[in-house]
Amino acid sequence: MSSLLEVTDLRTTFHTPRGLVRAVDGVSLSLAAGETLGIVGESGSGKSVLVRTLMGLIDAEPNASVSGQVGFDGVDLRALPPEERRRYWGTRIAMVFQDPTTSLNPVKSIRRHLVEHLRLHLSLGRKDAVARAAELLGEVGIPDPRRVLDRYPHELSGGQCQRVCIALALACRPQLLIADEPTTALDVTVQQQILELLDAVTSDTGMATLFITHDLALVNRHCERVVVMYGGRVAEASDVRTLHRRSRHPYTRALLRSAPRLESAPHTRLQAIAGRPPDLTSVGEACAFAPRCAHATDSCAAAPPLVDVGPAEAPHLVACHHPVLDADGVPA
Amino acid sequence: MTAPLRDAEPLLVAEGIVVEHGDGRRGPVVQAVSGVSLDLTAGETLGIVGESGCGKSSLGRALLQLPRPTAGSVRLEGVELTQLDRRSLRAVRSRLQMIFQDPLSSLNPRRRAHELVSEPIAIAAGRVRPTDRDRVRVTFEAVGLDPDQVWDRHPSELSGGQCQRLCIARALVAGPAVLVCDEPVSALDVSVQAQILNLLEDVKAANGLSMLFVAHDLAVVKNVSDRVMVMYLGKVCEVAPAEDLFRRPLHPYTDVLIASIPDPDPDAPGRSLGVRGEPPSPVDPPSGCRFRTRCPRADERCAAEVPELVEREPDHWVACHHPSDVSVAVATASRNGR
């Protein structure tokens with residue numbers, strides 16, 4: 001299967017007064033048309049910078065440098081001049097952000113948001129654009145779309161705003177949807193409705209999705225494959241079942257174990273990961289997780305290569321000098 | 001409304017708490033909490049869960065008189081807090097401490113770590129004596145911070161987890177009986193959450209504290225709580241011992257909350273929520289039962305009559321006209337794989 005998105009050795013480095021911050025440090029990933037890929041990581045893992053780099057939003061920053069390729073549908077987006085690259089945004093690649101209330105313009109009505117977008121990208125006439133806007137709001141499950149068109153973002157709830165953002169993203173039927181923590185700012189009962197909506201629209205339209213989140217459980221429910229990031233690098237990547245049942249990276253394992261579980265009794269001692277997320281100025285070549293890892297040895301001072309440990313039909317990439325054995329969890 | 005009183009003499013009792021925001025001159029008055037009662041015994045943790053706008057944070061703050069509730073009474077160790085003047089309230093506050101959601105913004109960025117932790121001592125005693133230095137050092141160690149390493153640091157030089165440890169140290173050094181934690185881990189990374197939850201359990205045990213734990217994450221609340229209270233639009237839906245509430249939820253809203261937690265197993269069957277939409281605005285809550293607009297069991301009675309909080313089973317209180325039959329609840333729980 002040829003891939004829609006092919007990211008190769010992407011590196012984003014920030015030059016700060018405290019030194020070089022390698023926010024994204026040699027990340028490669030690929031996404032086939034119609035596929036849903038989850039990117040999981042904590043703050044500082046580089047997942048958000050990765051997305052902003054993909055979208056070309058980092059290039060404008062004076063203290064950042066970017067290298068690597070972002071292949072989209074056979075074209076290296078990073079090699080394109082900015083005005084040509086812009087043609088992809090909103091039409092073929094769309095994005096949904098974490099905070100729906102701040103990603104809409106507070107002084108523009110929902111009608112203006114949608115109509116401007118539709119007229120700009122699809123060259124629709126005013127009347128057609130309004131009709132299409134109402135249709136889109138209906139598609140994302142907004143009751144009484146005609147009435148909502150005249151509302152302003154502050155008059156809608158967080159969940160409704162996120163539905164509007166999704167309608168905006170879907171307007172041009174993009175091939176790739178990037179969803180950056182799309183439900184983190186929402187309540188739990190609303191979160192599930194938004195995820196069901198995203199599942200439905202992506203499977204209806206055959207669009208590929210890059211789903212960025214800190215919550216492994218969400219990825220397991222809504223994605224086919226997952227990439228776990230730590231300290232700007234890929235720690236582990238596989239299909240969600242393999243990761244859930246036979247993860248090999250000590251970080252992934254520790255992360256899965258540290259979350260409180262609904263089925264355990266109250267006051268169950270949690271298996272916390274000691275230490276703190278890495279300071280990216282001082283990681284260097286070493287494995288970023290080594291200071292918190294129970295299996296770390298001297299060899300962890302060298303960068304761990306990303307090795308495929310899975311069967312040929314289901315790649316399972318692990319970047320660790322001491323991957324955990326998969327049979328019974330005994331360290332190698 | 002009756003408080004779910006139990007045999008032991010409670011340390012903290014709140015009755016009929018009403019919290020209103022706004023003065024009615026610019027925009028409507030919003031009733032964030034509409035007559036909630038609770039009690040907390042020594043060494044107990046009461047978890048409060050609900051979605052945003054359910055009044056859980058307003059309730060937690062009303063207990064500390066931050067600000068005073070519009071109506072109702074709060075008694076801590078027999079002292080009525082709502083009637084105290086500022087000076088006496090200040091003295092009582094050392095027994096009732098709070099930990100906030102965002103550790104970085106709840107610490108003064110210009111102060112150093114040791115100054116931040118000495119501050120409650122200075123407030124209580126009027127000044128910090130040289131001998132208090134040891135007390136501060138011991139408190140640092142109790143929350144897992146190396147005093148030599150962080151003593152002179154500013155909050156901006158510490159990680160989120162370390163800042164939350166500092167906030168816990170500030171609360172502990174005052175010598176509290178009750179700790180009110182408002183979403184203490186929701187701003188932290190997953191790998192750090194567990195550290196802080198374990199720490200809270202440790203300091204609670206070491207100091208014999210009672211805790212009021214306000215959060216939206218049910219798994220987190222279940223992990224730390226002895227009893228759990230579910231709130232919706234300013235009212236209590238259900239109060240029960242933690243294990244009981246999750247095994248046999250009687251209120252349909254509790255069912256929904258439990259079903260909305262994603263199961264991390266990719267092959268587990270999907271759970272259906274049974275509700276659509278979002279909570280209505282607290283500005284204009286529905287008549288009768290406030291959950292009725294989203295409730296699959298709602299009928300005319302739910303619109304006409306406010307359901308009373310009644311004890312359906314020992315210690316298990318629910319405010320619903322159509323609570324789950326216990327046998328049905330067990331079936332639901334097993335279907336949900338819980």
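Residues numbered from 1 in each chain as written. Chains lettered and ligands numbered in written order. Predicted model: local features only at pLDDT ≥ 70, side-chain atom pairs only at ≥ 80, totals over all residues.

Another point: the overall build of chain B. Each helix and strand in chain B was counted, giving 12 helices and 12 strands. For chain B, the C-alpha radius of gyration of 21 Å lies close to 20 Å, the compact-globule estimate for 338 residues. Counting only C-alpha atoms, chain B reaches 65 × 50 × 45 Å along its principal axes. For chain B, the proportion of its 338 residues judged to be buried stands at 47%. (Helix = DSSP H or I, 4+ residues; strand = E, 2+ residues; numbered from the N terminus. Rg over C-alpha atoms; globule rule 2.2 N^0.38 Å. Buried ≥ 20, exposed ≤ 12 C-beta atoms within 10 Å, placed from the backbone.)

The next point concerns the sheet that holds strand β11 (residues 310-313) of chain B. Two orientations exist for strands paired in a sheet by backbone hydrogen bonds: parallel and antiparallel. All names here are of chain B. Sheet architecture is open: eight strands sit in the order β6-β7-β8-β3-β9-β10-β12-β11, paired in mixed fashion. Looking at which strands have only one partner, the edges of the open sheet turn out to be β6 (96-99) and β11. Within this sheet the neighbouring strands show an average axis-to-axis angle of 20°, counted without direction. Strand direction decides the pairing type here: strand β10 (residues 235-241) and strand β12 (residues 316-318), joined by two bridges, are antiparallel. (Pairing = 2+ DSSP bridges. Axes fitted to C-alpha atoms, helices over the stretch in contact; angles between N-to-C directions.)

A few words now on helix α10 (residues 252-259) of chain B. Along α10 of chain B, eight of the eight residues are buried, which leaves the element largely enclosed by surrounding structure. Taken together, the buried positions of α10 of chain B are P252, Y253, T254, D255, V256, L257, I258 and A259 of chain B.

Right, let's talk about the interface of chain B and chain A for a bit. By a frequent convention, interface size equals the accessible area lost on bringing the separate parts together. Taken together, the contact pairs 39 residues of chain B with 38 residues of chain A. Listing elements by their share of the side of chain B that touches chain A, those giving two or more residues are α7 (190-207), α8 (218-224), α9 (242-247) and α10 of chain B. With eight residues, the single largest contributor to the side of chain B that touches chain A is α7 of chain B. Here the residues of the side of chain B that touches chain A sort into 17 nonpolar, 10 polar and 12 charged. (Contact = placed C-beta atoms within 7 Å. Nonpolar A, V, L, I, M, F, W, Y, C, P; charged D, E, K, R; others polar.)

What follows is about the environment of R253 of chain A. Residue and element names in this part refer to chain A. The residue R253 is located in helix α11 (residues 250-258) in this model. Taking the C-alpha atoms as reference points, R253 and D298, 45 residues apart in sequence, are found 21 Å from one another. For R253, the contacting residues outside a window of four places in its chain are S247 and V324.

On to the sheet that holds strand β1 (residues 12-21) of chain B. Residue and element names in this part refer to chain B. Strand order in the open sheet formed by four strands is β2-β1-β4-β5, and the pairing between neighbours is antiparallel. Looking along the sheet, the strands with just one partner apiece sit at the ends: β2 (30-40) and β5 (79-80). Examined bridge by bridge, β1 and strand β4 (residues 71-76) share five bridges and lie antiparallel to one another. For L12, the partnering residue across the bridge sits in β4 and is L76. The sheet strands contacting helix α1 (residues 56-63) are β1, β2 and β4, and the helix crosses β1 at an angle near 120°.

What follows is about the nonpolar core. By size, the foremost hydrophobic cluster in this structure holds 97 residues, and its most contacted members are L166, A169, V178, C181, L212 and M229 of chain B. Two domains each provide a minimum of three residues to this core, namely domain 1 (12-95 + 176-335) and domain 2 (109-175) of chain B. Look past the residues within four positions of V178 of chain B in its chain and what remains in contact with it is L11, L12, L40, L76, R95, L96, L209, S210 and L212 of chain B. Counting 93 residues, the second-largest nonpolar core is a separate cluster that includes I39, F211, V228 and A319 of chain A. (Core = buried A, V, L, I, M, F, W, Y, C linked by C-beta atoms within 7 Å. Domains from an automatic or database assignment.)

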